[in-house]
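Structural overview for review
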Amino acid sequence: MNGVVDGFVVIGIVIVVGYLLGRSGLLGPGSVEVLSRLAFFVASPALLFVTLAQADVRAVFSEALVVTAVSSSVACLLYLPVGLLRRRPPGETAVGSMASGYVNAGNLGIPIATYALGNAAEVAPVMLFQLAVLAPLFSTVLDLTSARADGERPPLLRTLTAPLRNPIALASAAGLLVSATGLQVPGAVLAPVELIGNLAVPAMLLAFGLSLRGAPWPGAGDGAPSLVAVMLLKNLVQPALALALGLLLGLSGHALLAVVVCAALPTAQNVFGYAVRFGQGVTLGRDAGLVTTLASVPVLVTVVTLLD
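Residues numbered from 1 in each chain as written. Predicted model: local features only at pLDDT ≥ 70, side-chain atom pairs only at ≥ 80, totals over all residues. Heavy atoms only, no water.

1. A short note on the packing of helix H10 (residues 200-211) against helix H13 (residues 269-278)
Between two packed helices, the angle of one axis relative to the other and the distance separating the axes together describe the packing. Two elements in contact, H10 and H13, have axes separated by 9 Å at closest approach and are oriented at 70°. In this view, H10 runs roughly perpendicular relative to H13, as classed from their interaxial angle. For the pair formed by H10 and H13, the contact residues are Met204, Leu205, Ala207, Phe208 and Ser211 on the first element and Gln269, Asn270 and Phe272 on the second. Residues of the contact of H10 with H13, tallied by class, amount to five nonpolar, three polar and no charged. (Axes fitted to C-alpha atoms, helices over the stretch in contact; angles between N-to-C directions. Helix = DSSP H or I, 4+ residues; strand = E, 2+ residues; numbered from the N terminus. Parallel < 35°, antiparallel > 145°, perpendicular 65-115°, else oblique. Contact = heavy atoms within 4.5 Å. Nonpolar A, V, L, I, M, F, W, Y, C, P; charged D, E, K, R; others polar.)

2. Describing the side chain of Asn235
Among the secondary structure elements, Asn235 is positioned in helix H11 (residues 224-248). At 3.1 Å, the side chain of Asn235 and the backbone oxygen of Thr292 are in polar contact. In this view, Asn235 contacts Thr292, Ala295, Ser296 and Val299; residues no more than four positions away in its chain are not counted. (Polar contact = N/O pair within 3.5 Å; in protein donor to acceptor, adjacent residues only side chain to side chain.)

3. Regarding the packing of H11 against helix H14 (residues 282-307)
Where H11 meets H14, the axes come as close as 9 Å, and the angle between the chain directions of the two elements is 30°. Overall, the two elements H11 and H14 adopt an arrangement that is roughly parallel. The handedness of the crossing between H11 and H14 is right-handed. Across from Ser226, Leu227, Val230, Met231, Lys234, Asn235 and Leu243 in H11, the residues of H14 making contact are Leu284, Asp287, Ala288, Val291, Thr292, Ala295, Ser296, Val299 and Leu307. Taken together, the residues of the contact of H11 with H14 sort by class into 10 nonpolar, four polar and two charged. (Left-handed = near helix turned anticlockwise from the far one by under 90°.)

4. Observations concerning the side chain of Thr145
Tracing the backbone shows Thr145 in helix H6 (residues 124-149). When its relative accessible area of 15% is taken as the criterion, Thr145 is described as buried. There is a polar contact of 3.1 Å between the side chain of Thr145 and the backbone oxygen of Leu142. (Buried < 20%, exposed > 50% of the residue type's maximum accessible area, 1.4 Å probe, protein only.)

5. Examining the nonpolar core
The nonpolar side chains of soluble globular proteins are, as a tendency, buried together. Core analysis: the largest hydrophobic core is formed by 83 residues, its most contacted members being Phe49, Tyr102, Ile112, Val261, Tyr274 and Leu300. Per-element accounting of this core gives the leading share, 10 residues, to helix H2 (residues 31-54). Excluding residues within four positions of it along the chain, Val261 makes contact with Ile112, Leu117, Leu300, Val303 and Val304. (Core = buried A, V, L, I, M, F, W, Y, C linked by side-chain atoms within 4.5 Å.)

6. Describing the pattern of salt bridges
Within this structure, the stated rule accounts for two salt bridges. One salt bridge connects Arg88 with Glu92, and the closest N-O pair in it is separated by 2.9 Å. Residue Arg88 is classed as partly exposed on the basis of its relative accessible area of 23%. Judged by its relative accessible area of 13%, Glu92 is buried. Where Asp287 meets Arg286, a salt bridge forms, and the shortest distance between an N and an O atom there is 3.4 Å. (Salt bridge = Lys/Arg side-chain N within 4 Å of Asp/Glu carboxyl O.)

7. Brief notes about a nonpolar patch on the surface
There is a patch of nonpolar side chains on the surface, built from Val5, Val9, Ile13 and Val17 and spanning about 330 Å² of accessible area. Tracing the backbone through its elements, the reader meets Val17 in helix H1 (residues 2-24). Its relative accessible area of 39% is what places Val17 among the partly exposed residues. (Patch = residues over 30% accessible without salt bridge, like charges linked within 9 Å, V, L, I, M, F, W, Y side chains within 5 Å. Areas by Shrake-Rupley, 256 points an atom, 1.4 Å probe, with all protein chains shown as cover.)

8. Details of the confidence of the model for the protein chain
Detail in the predicted coordinates should be disregarded across regions flagged by low pLDDT. Scored by pLDDT, the protein chain comes out at a mean of 83, with 87% of its residues at no less than 70. Mean pLDDT across the elements of the protein chain bottoms out in helix H7 (residues 156-160) (59) and peaks in H11 (95). (pLDDT = per-residue confidence, 0-100.)

What follows is the structure in structure tokens.
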């Protein structure tokens, strides 16, 4: 139980620091965009490369990966009818879809897995699927929807080659290649990349805190139905799917607890970072990160209490 509390305290403090920086005006009016772009173009690709390059990809191909892939994908897909029925812009719908199934496996999942599950490696299947599949997919979709929102109509060749220009996709592919081939990256090369990658999480959390300064209450205006849909899918539907799939695959005890806890983690701050980078669904991305984090506290406590 302490792991759940510790994880929320860690990210909460950094977000509060960002909020206080916003109130002080110390970083200037463009700080949210600058930090988000730094995280997207520089720090996150470095973090993804190091994480995947050092992961034992073959070891995480298990029932847990199946549960993660299916529950995350279904949660993301279930949001699409909401965006379509409400006639929301495609970019905002993409952000809502990502927020519904992309969990905070890094800066919140790792401490929770360490203290509540006893092993940080429990989040490895989640991180692998998100870094190798969801992050490149959604960042590419947002890239294309952003271009269309600006009045551009990307030619077919640009659409097909979008992943080749995406730093998230390129870094993920390079990391997986290194891991799969067993290539040893020289320490002199890996160390600075790792150092830069360490900027990703605090940069996104600080940007998130900065964005809260002067922001309206979550769900204000006509955004409430979309936010409620994300919260229900992320905080209730995804962990329920993970529980059902885990039982179907014969998981029990600690293995079942691990997949449900990982699915019950809130929306990752990466979603907000991508939303800012592409100027799509920024309000929904910010509100989803805040609301699902608050709602995940009782959900995670309940899951640990019932399944531990």
